[in-house]
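# A closer look at the structure
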Amino acid sequence: MKIAPIELTVQRAVKRYGGVVALSNGNLDVRSGEVLALLGANGSGKSTLAKIITGVVAPNEGDLRVDGQAVRFSSPHAARKAGISAVYQELSLVPDLTVAENIWLTHEPLRAGTLDRREMQRRTADLLALFSGAMRDSLSPETSIHTLPPDEKQIVEILKALSFGPRLMILDEATASLDSRQVDRLFNLVGQWKRDGMAIVFVSHRMEEIFRLADKATVLRNGESVGTRAIAETTERELVGLMIEGMHEFERRPPSAALASAPVRLKVEHVTGHGLHEVSLELCDGELLGIGGLQGQGQSELLLALFGALRVSGHVTISGEEARFKHPKDAMQKGVALVPGDRASEGLLMIRSILENLQLPSWREYGVPIRMKKAERDGAQVAEELRMVMASLDAPVNSLSGGNAQKVVLGKWLLRSPHLLLLNDPTKGVDVGAKSEFYELLNQLRDRGTAILFYSSDDDELLGLCDRVLVMHDGAVRAELAGDGLNRTALVAASMGAAG
Ligand SMILES: Nc1ncnc2c1ncn2[C@@H]1O[C@H](COP(=O)(O)OP(=O)(O)OP(=O)(O)O)[C@@H](O)[C@H]1O
Ligand SMILES: [Mg+2]
């Protein structure tokens with residue numbers, strides 16, 4: 001099916017949110033029959049640029065042209081009318097509606113002015129057929145969205161965008177939750193759309209996908225388009241170089257001499273399950289071992305499995321003793337602590353007092369009836385060590401800033417003096433000041449001999465703090481970086497699956 005031609009150019013697009021500059025100089029151009037990859041680190045402005053094109057976000061400045069004509073879309077609806085459709089990074093389906101209703105919402109097929117349900121079912125079935133064999137057979141136009149797993153929701157999003165019959169399609173990390181068979185199917189479809197004359201903007205963190213699908217790539221760095229390369233004339237290394245050019249390398253403190261002879265605290269062999277594949281690692285006392293990679297590659301699952309919150313197969317020992325915990329309380333008894341990333345859902349009772357939260361994992365130690373004086377003394381000491389800013393220990397946790405609330409999560413584990421500390425992206429959403437105090441604390445714990453396994457979605461933390469970093473991909477360890485090999489180029493390349 002022939003698609004009407006289109007040419008889109010964006011020049012000098014700027015988007016500010018208060019003091020935050022999300023995009024300082026966005027440029028791209030793409031035309032019919034072309035796949036343009038947009039790449040850049042987290043927060044570099046890719047989604048903002050995509051949303052400016054589709055009228056979701058109004059730019060502060062910039063020149064947007066479709067077929068040479070200056071345009072400014074006031075809404076996604078206006079962009080769709082001009083033939084531009086998008087799959088956004090955040091899913092946007094209505095849970096209580098069916099697959100068909102979601103796809104056709106706002107452009108339902110009509111007959112004599114009323115909804116033509118049969119036509120809607122028929123068209124939906126045609127769209128679903130594009131992914132037949134790559135989804136469960138039970139998925140039908142009548143299936144309710146809330147019953148679908150993430151991959152199928154993602155596919156419905158793609159079909160919804162397609163249902164508008166676009167000339168230009170934007171796919172913002174649309175493959176992140178798809179399995180490899182579904183990605184193959186999508187790529188075949190994109191190939192077909194391209195031959196039909198569609199233009200495609202493809203946002204991805206995966207080098208392999210970019211090199212398979214795209215004709216050219218535009219790289220964003222800190223809100224700025226810093227270069228465009230034809231895929232046939234570039235390399236993974238060059239693109240990674242553009243992404244990180246000018247970003248500083250870290251002076252890491254050298255691993256302490258004691259580390260060489262430190263005893264192995266944690267040994268993990270062939271851990272498999274919950275998306276993990278054959279994960280093996282060793283961690284010594286006083287060592288800070290980082291875990292990196294794109295988000296959602298099994299990092300959290302690994303930590304939860306080690307903490308006894310997920311059941312996996314494989315062999316785990318702590319100080320040489322079998323340590324496959326059935327429950328977090330078993331792990332806690334063996335001196336293991338987990339600091340979660342998502343404070344509100346995993347870490348804290350928000351309406352309880354700071355003191356109660358601090359005591360949560362260790363209340364048994366204070367006896368029955370609870371030795372309140374001692375509990376208060378210990379709590380006050382930890383609060384001081386962590387430099388927590390609060391009205392008093394009796395104030396509820398939800399009266400604290402994000403960074404201070406996170407300190408409570410950390411503090412409640414420090415009261416137990418863990419031997420093995422598992423950190424699950426602990427500084428997400430924490431302000432800069434609180435972060436640096438947190439880093440100081442990590443270093444103190446390491447000096448005291450605590451073994452620390454530290455997942456962070458922030459490359460700077462991994463590069464600046466860790467002795468070694470394991471990069472995970474699809475539930476497996478893809479690379480181990482240490483010494484001079486632990487640098488930004490190697491970390492970004494390994495995360496994106498580029499040859500180092
Ligand atoms: N609504 C908003 N309010 C405030 N800041 C925002 C908003 N949307 C984006 N930002 C900020 O703008 C910057 C660019 O964000 P954007 O989502 O475009 O990045 P991205 O390249 O898509 O990142 P990722 O790879 O993580 O998806 C980030 O620093 C982000 O925190
Ligand atoms: Mg994004």
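Keep in mind the model is a prediction, meaning the values are calculated, not measured.

### A short note on the coordination of the magnesium ion (ligand 2)
- Distances from the magnesium ion (ligand 2) to its protein donors, namely Ser-47 (OG) and Gln-89 (OE1), fall within the range 2.0 to 2.1 Å. Taken together, the residues span a long stretch of sequence, with Ser-47 in helix α1 (residues 46–53) and Gln-89 in the loop between β6 (84–87) and α3 (99–104) at a distance of 42 residues.
- Residue class for Gln-89 comes out partly exposed when judged on its relative accessible area of 36%.

### Concerning the domain arrangement of the protein
- Taken as a whole, the protein is organised into domain 1 (7–244) and domain 2 (261–496).
- Averaged C-alpha coordinates put domain 1 and domain 2 at centres separated by 36 Å.
- Contacts between the two partners involve nine residues from domain 1, matched on the other side by eleven residues from domain 2.
- The largest share of the area that domain 1 buries against domain 2 comes from His-205, Arg-206 and Ile-244, three residues that together contribute 55% of it.
- Applying the counting rule to domain 1 against domain 2 returns zero salt bridges.
- The interface formed by domain 1 and domain 2 includes one residue pair in polar contact (both at pLDDT 80 or more).

### A short note on the site of ligand 1
- Around ligand 1 sit 13 residues, and of these Gly-43, Lys-46, Ser-47, Thr-48 and Gln-89 come closest.
- Within the side chain of Asn-42, one N or O atom sits 3.0 Å away from an oxygen atom of ligand 1.
- With respect to ligand 1, the side chain of Thr-48 contributes an N or O atom lying 2.6 Å from an oxygen atom.
- Protein burial of ligand 1: of its 630 Å² of free accessible surface, 62% is covered by the chains.
- Ranked by residues supplied to the shell around ligand 1, first place goes to α1 with three residues.
- The residue inventory of the shell around ligand 1, partitioned by class, reads three nonpolar, eight polar and two charged.

What counts, and where the lines are drawn
- Residues numbered from 1 in each chain as written.
- Chains lettered and ligands numbered in written order.
- Predicted model: local features only at pLDDT ≥ 70, side-chain atom pairs only at ≥ 80, totals over all residues.
- Heavy atoms only, no water.
- Donors = N, O, S within 2.8 Å, 3.2 Å for Na, K, Ca; no water.
- Helix = DSSP H or I, 4+ residues; strand = E, 2+ residues; numbered from the N terminus.
- Buried < 20%, exposed > 50% of the residue type's maximum accessible area, 1.4 Å probe, protein only.
- Domains from an automatic or database assignment.
- Contact = heavy atoms within 4.5 Å.
- Buried area = accessible area lost by both parts, 1.4 Å probe.
- Salt bridge = Lys/Arg side-chain N within 4 Å of Asp/Glu carboxyl O.
- Polar contact = N/O pair within 3.5 Å; in protein donor to acceptor, adjacent residues only side chain to side chain.
- Near = heavy atom within 4 Å.
- Areas by Shrake-Rupley, 256 points an atom, 1.4 Å probe, with all protein chains shown as cover.
- Nonpolar A, V, L, I, M, F, W, Y, C, P; charged D, E, K, R; others polar.

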